[in-house]
Structure formats: structure tokens, C-alpha cells
Amino acid sequence: MESVRNYDIKHLLLDSSQSVVEVEDQAYKAVTAKFGMDLMKTRLRKIARVATADAKREEKSARISAELRQELNLPMAFQSFPSQDEAMDWLLSPVPA
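A short tour of the structure in this document, coming up. Being a predicted model, the structure only gives us computed values, none of them experimental.

### As for the pairing of strand β1 (residues 11-15)
- Pairing geometry for β1 and strand β2 (residues 46-50), over 5 bridges, is parallel. Its bridge partner lying in β2, L12 is registered against I47.
- With respect to chirality, the unit in which β1 leads through helix α2 (residues 25-39) into the neighbouring parallel β2 is right-handed.

The following block contains the structure:
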């Protein structure tokens, strides 16, 4: 988080494609909520996430992300992608006003 703030990062790529997460939904949501609240203290504008091939995990991630975006009213754009290339294309595209 410190790097995002110190380097005034506006676009962030999170590559989850190879990650393994084995925590309960409540713990996952708590960690993700803390991450989101910390990001709100930065000037970050867009977050692109490279998804895993695990459909069940992606469903859980999408559900929790949607809940948190609504609960926290996150000011940055967030989207998941199946590939790093698609994520980078979106990150580098202009942010709508």
C-alpha cells in the first residue's frame, strides 16, 4: 500500500491467475474490505484483476467484490479479466469522466 501512495500509482494490475486462496468467505471479505479501505486513501483510479481458471472461486470473488463496492462506495474502477493482455488494455484506456 505504501508503494501505491508513495509513487502516486493511478492504475494497478493484480494478477490472481496463479494464486491459491483457502479461507472462509467471511475472512476473505474482511481482508478484501481492509485492502479496499486502504486503497481509498490513495489516488488510485483503476484496478484490473487477472482471474483464475477456477469458476467457483471467481464466482465467490465477483460476489464479494460487488458487495464491497456497494458497501464501501469505492471511488476507483474495478474489473476482472481472463488474461493479462486484456487487463492491461483496459488499464491503459482512458478513464471516463
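### Notes on the sheet that holds β1
- A sheet is described by the order of its strands in space; here 3 strands give the open sequence β1-β2-β3, paired in parallel fashion. Edge positions in the open sheet fall to β1 and β3 (77-81), since each of these has one partner strand only. Pairwise comparison of adjacent strand axes, ignoring direction, gives a mean angle of 15° for this sheet.

### Brief notes about unusual backbone geometry
- A positive phi is found at D8, a non-glycine position, where the angle reads about 50°.
- A residue is classified by how much of its surface remains accessible, and D8, at 31% relative accessible area, is partly exposed.
- One non-glycine residue, N73, lies in positive phi territory at about 50°.
- Mapped onto the fold, N73 is located in the loop between α3 (55-72) and β3.

### What about the environment of T42?
- Tracing the sequence through the fold places T42 in the loop between α2 and β2.
- Residue T42 is classed as buried on the basis of its relative accessible area of 12%.
- If sequence neighbours within four positions are ignored, T42 has contacts with M1, V4 and R5.
- At 2.6 Å, the side chain of T42 forms a polar contact with the backbone oxygen of L39.

### What to know about α3
- The first and last C-alpha atoms of α3 sit 25 Å apart over 18 residues, in line with the 26 Å expected at 1.5 Å per residue.
- On its buried side, α3 packs onto α2, β2 and β3.
- Between the side-chain oxygen of the N-cap and the backbone nitrogen of K56 there are 3.1 Å, and the N-cap of α3 in question is D54.

What counts, and at which threshold
Residues numbered from 1 in each chain as written. Predicted model: local features only at pLDDT ≥ 70, side-chain atom pairs only at ≥ 80, totals over all residues. Heavy atoms only, no water. Pairing = 2+ DSSP bridges. Helix = DSSP H or I, 4+ residues; strand = E, 2+ residues; numbered from the N terminus. Right-handed = clockwise from strand over helix to strand, strands pointing away. Axes fitted to C-alpha atoms, helices over the stretch in contact; angles between N-to-C directions. Buried < 20%, exposed > 50% of the residue type's maximum accessible area, 1.4 Å probe, protein only. Contact = heavy atoms within 4.5 Å. Polar contact = N/O pair within 3.5 Å; in protein donor to acceptor, adjacent residues only side chain to side chain. Expected span 1.5 Å × (residues − 1).

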